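What follows is the residue order along each chain.
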Amino acid sequence: QALKRVAEENPQVEIVLIGELNPPRPILALGDQVTRLPARPYAEYMEILAQSDIAIAPLMPASFNEAKSNIKFLEAATVGVPSVCSGRSAFTHAIRNGENGFLADTEGEWYQALTALVQDTELRRRIGAAARQDVLARYSPRAIAQRQLQPLLEQHRTVTDPRLHVLQVNILYRPQSFGGATVVAEEMARQLHNRTDTRVSVVASAPSGWMKPYAVERSEEDGVPIFRLGIQDRPGWMGETWDETAAESFHHIVRAVRPDVVHFHAMQGLGAACLRACQEEGIPYVVTLHDAWWVCERQFLVTGEGKYCGQHQIDLNICATCVPSLGATVLRNARLRHALQDASLLLTPSEHWRRFYVANGFAADRVVVNENGINLPAAPRPNQAPARLRFGFVAGTEAVKGFPLLKRTFEELSRDDWELVLVNHGLSIGIDSFADIKWRVRGTIRTVPPFKPADRDGFYEAIDVLLFPSQWPESFGLTVREALARNKWVIATDRGGAAEVIRPGVNGTLIPIGEDTAPFRKAVEDLLDRKANLHGWTNPSRDGLRDFATQATELHDILAFVVSTARADRTSGQLEAV
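This structure is a prediction, so every number in the text was calculated from the model and none was measured.

S.K.: Explain the overall build of the protein here, please?
M.R.: If you tally the helices and strands in the protein, you get 21 helices and 19 strands. Here the C-alpha atoms of the protein give a radius of gyration of 37 Å, more than 25% beyond the 25 Å that 2.2 N^0.38 yields for 578 residues. Per-residue burial for the protein yields a buried fraction of 48% across its 578 residues. Pairs at least 24 residues apart make up 67% of the contacts formed inside the protein by residues separated by at least 6 positions. Summed over all atoms, the accessible surface of the protein reaches about 27600 Å², with 52% contributed by carbon and sulfur. Taking the average location of the 63 positive side-chain charges in the protein and that of its 69 negative ones, the two points are 2 Å from each other.

Here's what the structure looks like:
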């Protein structure tokens with residue numbers, strides 16, 4: 001009504017409507033005083049606006065309109081055109097009524113403001129100039145950043161944190177606690193996080209079906225930020241050695257987290273291209289060599305038939321008889337070796353494994369033993385050794401873990417005074433490892449689900465002897481040490497880190513790696529014949545085992561040394577540049 005009245009009283013007024021508007025009949029009745037234009041590109045709209053004398057922005061009182069921006073006022077002001085706007089929230093914050101624009105809600109207010117501007121050329125010029133000056137000062141990108149964005153950023157300003165920030169990377173992480181490397185990675189994250197001088201972030205893959213391929217999801221567990229990368233939905237993901245797309249996603253994480261040091265554990269599946277992100281960002285990194293993956297395409301120094309190849313120093317001429325393509329293997333190994341060469345330090349879980357990597361060309365002063373710890377029991381009881389001796393096997397059904405040898409050995413036993421307890425670890429990643437396996441034995445076979453940390457002591461209480469017939473020289477042997485700490489005799493193969501803690505005839509029996517069941521069967525039968533001697537037995541070498549807390553303390557000191565050395569090198573480099 002106000003607009004109609006002003007137009008009727010001032011024949012020189014032209015009302016320009018742009019876009020798909022449905023004006024009321026009283027406005028359309030003004031005839032030639034109303035010009036209707038179709039919607040057009042933004043630049044053309046601004047050109048029409050600049051040719052106008054007055055801009056209006058009428059908005060009825062409503063919650064939706066209270067949430068709208070003051071963009072109509074800003075657009076008009078930038079081209080020096082004065083505005084009359086409704087008194088909605090954004091307009092009242094930008095307009096000083098009568099100084100840089102007009103606010104109007106009632107019909108009378110609209111009529112008064114429009115009439116004043118229509119009849120006073122100087123008022124239009126003054127109000128338009130004030131609006132332009134005010135908007136350029138208050139709404140430029142720099143002004144918005146300082147007035148609106150900066151206060152928000154101040155609330156989240158990064159405070160210098162004196163704590164050592166460790167980014168830990170492992171292919172699996174809870175709830176997929178599968179394999180010794182994962183157990184160690186989880187424990188090191190927990191132990192380091194519990195220190196007052198250290199904070200930890202974790203990168204791992206996400207279980208299948210959690211997210212889109214290569215997407216990243218951040219969560220938090222017990223105060224530890226966990227970044228999960230979606231890679232498990234693609235075929236053959238666990239065999240990935242060098243994945244550029246995964247490395248790009250990892251690079252985004254590193255840039256966001258900005259750790260002091262990155263600690264890589266098992267990288268099969270994620271791929272070693274991730275190490276390059278640290279190189280490009282100038283962040284020091286260390287790698288724990290949990291197995292032979294970095295120098296052996298089959299990871300465990302075994303042939304395609306699961307037999308130990310016998311190599312201590314890798315010979316590609318021998319590998320050529322085992323791998324699909326020697327050329328691809330040469331390229332693979334060269335890439336991985338190059339990635340390791342830029343690491344600040346290489347860590348191994350045992351002295352045996354350190355000697356292995358030194359023998360394969362890595363500098364002795366850069367390969368350091370950070371022996372794994374274990375969960376030590378508070379008060380282990382002596383062995384029980386009931387009438388039926390109970391043997392425990394914690395590994396999977398793979399040939400490299402010695403399961404076929406174990407199965408043949410127990411099927412050859414001609415006695416029934418034993419029980420074999422098999423831990424079905426495949427269930428932790430949705431696989432029933434023993435579903436299709438048939439046994440022809442006289443004794444008892446029993447399978448149990450993977451035990452959680454709280455149930456570990458309960459599992460070992462239910463066995464008397466741990467079986468560890470691994471068919472390759474294991475780098476550590478976590479369960480071997482767990483069993484010895486709980487006064488359980490161990491039968492294990494005679495190579496690798498597992499054998500380092502076994503004193504034959506004192507706390508365990510060592511057997512050779514190989515397919516021959518005779519040494520394994522003899523070791524089992526010997527224990528069955530003297531099971532009475534195991535009743536009440538305690539391991540005299542138990543005190544030589546260390547816990548995860550001790551390992552974490554040593555690891556912290558190693559990582560802190562790496563960080564301090566890297567900072568000193570950077571400072572030295574800057575001084576040399578100056």
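Now, onward.
S.K.: Please explain the pattern of salt bridges as it appears in this structure.
M.R.: In a structure, side chains of opposite charge can pair up when their charged atoms sit close to one another. In total, this model carries 39 salt bridges according to the counting rule given. Taking the shortest distance from any N to any O, the salt bridge between arginine 276 and glutamate 280 comes out at 3.7 Å. Taken as a pair, arginine 276 and glutamate 280 lie in helix H12 (residues 275-281) at a separation of 4 residues, close to a single helical turn. With its nearest N and O atoms 3.2 Å apart, the salt bridge here joins glutamate 419 to arginine 446. With glutamate 419 in strand S15 (residues 418-423) and arginine 446 in strand S16 (residues 444-448), this pair connects stretches of sequence that are 27 residues apart. A relative accessible area of 15% means that glutamate 419 is categorised as buried. Residue arginine 446 is classed as partly exposed on the basis of its relative accessible area of 32%.

S.K.: I'm lost on the packing of helix H5 (residues 71-78) against helix H8 (residues 121-139) in this one. Help?
M.R.: Between two packed helices, what matters for the description is the angle formed by their axes and the separation of those axes. Two numbers describe how H5 lies on H8: the axes approach to 8 Å, and their chain directions differ by 110 degrees. With respect to H8, the axis of H5 lies roughly perpendicular. In the crossing of H5 with H8, the sense of the turn from one axis to the other is left-handed. Mapping the contact onto sequence places Phe73, Leu74, Ala77 and Thr78 in H5 and Gly128, Ala131, Arg132, Val135 and Tyr139 in H8.

S.K.: In this structure, what is going on with unusual backbone geometry? I would like to understand it.
M.R.: If a residue is not glycine, its phi is most likely negative; likewise, a peptide bond is most likely trans. Backbone torsion omega between arginine 174 and proline 175 reads 15 degrees, so that peptide bond is classified as cis. Tracing the sequence through the fold places proline 175 in the loop between strand S6 (164-169) and helix H10 (180-193). Backbone geometry at arginine 258 places phi at a positive 50 degrees, although glycine is not the residue there. Tracing the chain through its elements places arginine 258 in the loop between helix H11 (244-257) and strand S10 (261-264). Owing to a relative accessible area of 41%, arginine 258 belongs among the partly exposed residues under this scheme.

S.K.: Could you clarify how one ought to interpret the sheet that holds S16 in this entry?
M.R.: Paired through backbone hydrogen bonds, the strands of a sheet run either parallel or antiparallel to each other. Ordered in space as S16-S15-S14-S17-S18-S19, the 6 strands form an open sheet in which the pairing is parallel. Every interior strand has two partners, whereas the edge strands, S16 and strand S19 (508-511), have only one. Each strand axis lies, on average, 20 degrees off the axis of its neighbour in the sheet, ignoring direction. Note: strand S18 (residues 489-493) against S19, 4 bridges, orientation parallel. For alanine 492, the partnering residue across the bridge sits in S19 and is leucine 510.

S.K.: Could you clarify how one ought to interpret a nonpolar patch on the surface in this entry?
M.R.: Together, Leu149, Leu152 and Leu153 line one region of the surface with nonpolar side chains, adding up to about 280 Å² of accessible area. With relative accessibility at 43%, the residue leucine 149 sits in the partly exposed group.

S.K.: Would you mind going over helix H15 (residues 351-359) with me for this structure?
M.R.: Three or four residues apart is the spacing at which side chains of an α-helix point the same way, because the helix has 3.6 residues per turn. Among the residues of H15, those classed as buried are His352, Trp353, Phe356 and Tyr357. For H15, the arc enclosing every buried residue in end-on projection is 130 degrees, short of the 170-degree limit, so these residues lie on one face. Here the buried face of H15 lies against strand S12 (345-348). Just past H15, the residue glycine 361 takes up positive phi, approximately 100 degrees.

S.K.: I keep staring at the environment of leucine 527 and nothing clicks. Help me out?
M.R.: Relative to the elements of secondary structure, leucine 527 occurs in helix H19 (residues 517-529). Not counting the four nearest positions on each side in its chain, leucine 527 is found in contact with Leu389, Phe391, Val465, Trp489, Ile491 and Leu534.

S.K.: For this particular structure, what's the right way to read the sheet that holds strand S5 (residues 102-103)?
M.R.: The sheet built from 3 strands is open, its strands ordered S3-S4-S5 with parallel pairing. The sheet is open, and its two borders are formed by strand S3 (55-57) and S5, each paired with just one other strand. Examined bridge by bridge, S3 and strand S4 (residues 83-85) share 3 bridges and lie parallel to one another. Of the residues in S4, the one forming a bridge with alanine 57 is cysteine 85.

S.K.: Whenever I open this one, the packing of helix H1 (residues 2-9) against helix H7 (residues 107-119) confuses me. Can you help?
M.R.: Axis separation between H1 and H7 bottoms out at 8 Å; the angle between their running directions is 35 degrees. For H1 against H7, the interelement crossing comes out right-handed. Residues Ala2, Leu3, Arg5, Val6 and Glu9 of H1 touch H7, and the partners they reach there are Glu107, Trp110, Tyr111, Leu114, Thr115 and Val118. Taken together, the residues that form the contact of H1 with H7 break down as 7 nonpolar, 1 polar and 3 charged.

Rules and cut-offs
Residues numbered from 1 in each chain as written. Predicted model: local features only at pLDDT ≥ 70, side-chain atom pairs only at ≥ 80, totals over all residues. Heavy atoms only, no water. Helix = DSSP H or I, 4+ residues; strand = E, 2+ residues; numbered from the N terminus. Rg over C-alpha atoms; globule rule 2.2 N^0.38 Å. Buried < 20%, exposed > 50% of the residue type's maximum accessible area, 1.4 Å probe, protein only. Contact = heavy atoms within 4.5 Å. Areas by Shrake-Rupley, 256 points an atom, 1.4 Å probe, with all protein chains shown as cover. Lys, Arg positive; Asp, Glu negative; His and termini not counted. Charge placed at Lys NZ, Arg CZ, Asp CG, Glu CD. Salt bridge = Lys/Arg side-chain N within 4 Å of Asp/Glu carboxyl O. Axes fitted to C-alpha atoms, helices over the stretch in contact; angles between N-to-C directions. Parallel < 35°, antiparallel > 145°, perpendicular 65-115°, else oblique. Left-handed = near helix turned anticlockwise from the far one by under 90°. Pairing = 2+ DSSP bridges. Patch = residues over 30% accessible without salt bridge, like charges linked within 9 Å, V, L, I, M, F, W, Y side chains within 5 Å. Arc of directions from axis to C-beta. Nonpolar A, V, L, I, M, F, W, Y, C, P; charged D, E, K, R; others polar.

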